[in-house]
Amino acid sequence: MAPGFKLTGIVASKEVKNSAVMSYTWETPRSAVTGKPVAEQADRYYIDLGDGRLAVLTGSAPKANFDREQVRDIALTLKVSK
């Protein structure tokens, strides 16, 4: 587990059909540039494909720049080929 890992939520997605989203934060090791740890944030979607398979999509970025809607939009564009 990453240093400072903190689960911030698990909810059924209201926008991405048949999915749940887990949100969490953690810190990366010290930056080579600043010498300080970097706070990161992520949303991980678990999407039921309806045929016994589960797609997992994770979007992350430094916490100061994290865009939850961007990750959601990527999840909304998921297409499955057989």
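All values reported here derive from a predicted model rather than from experimental measurement.

(A) Representation of the overall build of the protein. A tally of helices and strands in the protein yields 1 helix and 4 strands. Mapped from its N terminus to its C terminus, the protein presents α and β elements in the order β-β-β-β-α. When its C-alpha atoms are laid out on the principal axes, the protein stretches across 45 × 25 × 20 Å. The contacts in the protein between residues at least 6 apart in sequence include a share of 31% that link residues at least 24 apart. Here the protein displays about 5,900 Å² of accessible surface, and carbon together with sulfur accounts for 54% of that area. Where the 12 positive side-chain charges of the protein centre and where its 9 negative ones centre are 2 Å apart.

(B) Molecular detail of the environment of Lys17. Within the secondary structure, Lys17 sits in the loop between strand S1 (6-12) and strand S2 (19-27). The exposure class assigned to Lys17 is exposed, which follows from its relative accessible area of 67%. Along the primary structure Lys17 and Val38 are separated by 21 residues, whereas in three dimensions their C-alpha atoms are 32 Å apart.

(C) Representation of the layout of surface pockets. Of the volumes computed, that of the largest pocket is approximately 190 Å³. In this structure, the largest pocket is lined by 14 residues; those nearest its centre are Val11, Glu15, Val21, Tyr45 and Arg68. For the lining of the largest pocket, the secondary-structure elements that each account for two or more residues are S1, S2, strand S3 (39-48) and helix H1 (68-76). Per element, the largest residue contribution to the lining of the largest pocket is 4 residues, and it comes from S1.

Parameters at a glance
- Residues numbered from 1 in each chain as written.
- Predicted model: local features only at pLDDT ≥ 70, side-chain atom pairs only at ≥ 80, totals over all residues.
- Heavy atoms only, no water.
- Helix = DSSP H or I, 4+ residues; strand = E, 2+ residues; numbered from the N terminus.
- Contact = heavy atoms within 4.5 Å.
- Areas by Shrake-Rupley, 256 points an atom, 1.4 Å probe, with all protein chains shown as cover.
- Lys, Arg positive; Asp, Glu negative; His and termini not counted.
- Charge placed at Lys NZ, Arg CZ, Asp CG, Glu CD.
- Buried < 20%, exposed > 50% of the residue type's maximum accessible area, 1.4 Å probe, protein only.
- 1 Å grid on protein atoms, 1.4 Å probe; cavity = no way out; pocket = protein on both sides within 12 Å on 5 of 7 lines; lining within 4 Å.
- Points joined across faces, edges and corners; volume = space filled by probe spheres on them.

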